[in-house]
Amino acid sequence: MNNQTDKKPHHHGDLAAALIQSGIEILTESGLDQLTLRRCAARAGVSHAAPAHHFDGLAGLRAAIAQEGFDRFRRHLLHSRAQGPQDPEGRIFSLCRGYLDFAVENPALFALIFSCGALPQNPDNLKAGETTAYGVLRETCAPFVPNGTDPRIVETQVWSLIHGFSHLFLAGIFGPGNGRSDHHALFAPVMALLNQIGTAAPDPN
């Protein structure tokens, strides 16, 4: 029996965007192993050859999905950070909660965006501002960087803590529970370690 949902066109003239969206939907529903050019084309309602006009094979499609995924990730971090207290400690805690939420709610997309080789969110781009996910992390960590210290030291400390915990949680290291309340409760005491980055650096002004 034909799957009418997969055959329904939804690209409305922007096939590349439709294929990316189809890929994200496949990731969400079926996982990374099920992401193929043929499946994306079928879901977008086009021929299996159509993706070749926009992407250099499956690797190209994966890279395009990762780029879109990183932008969604960035927007999610900004939204989460805005929801909590706006002092430096509150902002960094909210950022970490948002990071973990994104990983738990989008495990396949989270895996993809960190498995496509060199990150489009280049940590060496010191002028990225909030236009990249790393830029959001950088600006959130900035108040905790002591004068004369390479900011990447603090950024790496925070990033390693939340990224490592996210991967361990998704791998089931802490048990089978994977609900929102579970991962927040488990991470709460770990978040206390962030206090070790010290107090916010004094305002030079």
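Calculation criteria
- Residues numbered from 1 in each chain as written.
- Predicted model: local features only at pLDDT ≥ 70, side-chain atom pairs only at ≥ 80, totals over all residues.
- Heavy atoms only, no water.
- Helix = DSSP H or I, 4+ residues; strand = E, 2+ residues; numbered from the N terminus.
- Buried < 20%, exposed > 50% of the residue type's maximum accessible area, 1.4 Å probe, protein only.
- Contact = heavy atoms within 4.5 Å.
- Areas by Shrake-Rupley, 256 points an atom, 1.4 Å probe, with all protein chains shown as cover.
- Core = buried A, V, L, I, M, F, W, Y, C linked by side-chain atoms within 4.5 Å.
- Disulfide = S-S within 2.5 Å.
- Axes fitted to C-alpha atoms, helices over the stretch in contact; angles between N-to-C directions.
- Parallel < 35°, antiparallel > 145°, perpendicular 65-115°, else oblique.
- Nonpolar A, V, L, I, M, F, W, Y, C, P; charged D, E, K, R; others polar.
- Phe/Tyr/Trp six-rings, centres within 6.5 Å; stacked < 30°, edge-to-face > 60°.

Chemist: Could you clarify how one ought to interpret the overall build of the protein in this entry?
Modeler: Along the backbone of the protein there are 9 helices and 0 strands. Ordering the α and β elements of the protein from the N terminus gives α-α-α-α-α-α-α-α-α. Every one of the 205 residues in the protein was classed for burial, and the buried ones make up 38%. Put simply, 64% of the contacts in the protein that link residues at least 6 apart link residues at least 24 apart. As presented, the protein carries roughly 11000 Å² of accessible surface, and 54% of it is formed by carbon and sulfur atoms.

Chemist: Help me understand the nonpolar core in this model?
Modeler: Within soluble globular proteins, side chains that are nonpolar generally end up buried alongside one another. Ranked by size, the top nonpolar core spans 48 residues in total, and within it Ile 65 and Phe 73 carry the most contacts. Every element with two or more residues in this core is listed here: helix H2 (15–30), helix H3 (37–44), helix H4 (57–83), helix H5 (88–105), helix H6 (107–113), helix H7 (133–141), helix H8 (151–170) and helix H9 (180–191). No other element matches the 9 residues that H5 contributes to this core. With sequence-adjacent residues up to four places away left out, Phe 73 is seen in contact with Tyr 99, Phe 102, Ile 113, Phe 114 and Ala 133.

Chemist: In this structure, what is going on with the environment of Ala 50? I would like to understand it.
Modeler: Among the secondary structure elements, Ala 50 is positioned in the loop between H3 and H4. In this structure Ala 50 comes out as buried when scored by relative accessible area, which is 8%. Sequence-wise, Ala 50 and Ala 16 are 34 residues apart; in three dimensions their C-alpha atoms are separated by 9.4 Å.

Chemist: Could you clarify how one ought to interpret the state of the cysteines in this entry?
Modeler: Put plainly, a disulfide is one covalent bond tying together the sulfur atoms of two cysteines. Here the structure, examined in full by the defined rule, presents 0 disulfides. In this model Cys 96 remains outside any disulfide bridge; the closest cysteine sulfur is found in Cys 141, 7.6 Å from its own.

Chemist: For this particular structure, what's the right way to read the packing of H4 against H7?
Modeler: Helix packing for two helices is described by the angle between their axes and how far apart those axes are. For the pair H4 and H7, the least separation of the axes is 8 Å and the interaxial angle reads 30°. Regarding the angle of H4 to H7, the classification is roughly parallel. Contacts from Phe 70, Phe 73, Arg 74, Leu 77, Leu 78 and Arg 81 of H4 reach H7 at Ala 133, Val 136 and Thr 140. Along the lines of polarity and charge, the residues of the contact of H4 with H7 split into 6 nonpolar, 1 polar and 2 charged.

Chemist: Looking at this model, I keep getting lost on the packing of aromatic side chains. Mind explaining?
Modeler: Two measures describe an aromatic ring pair: the distance that separates the ring centres and the angle between the ring planes. For the coordinates displayed, the defined rule picks out 11 aromatic pairs. Centroid distance Phe 70 to Phe 73: 6.5 Å. Interplanar angle 50°. Geometry classified as tilted. Taken together, the residues Phe 70 and Phe 73, both in helix H4 and 3 residues apart, mark about one turn of the helix. You can call Phe 70 buried: its relative accessible area is 2%. Plain terms: the ring middles of Phe 110 and Phe 114 are 5.2 Å apart, the flat faces sit at 65° to each other, and that makes the pair edge-to-face.

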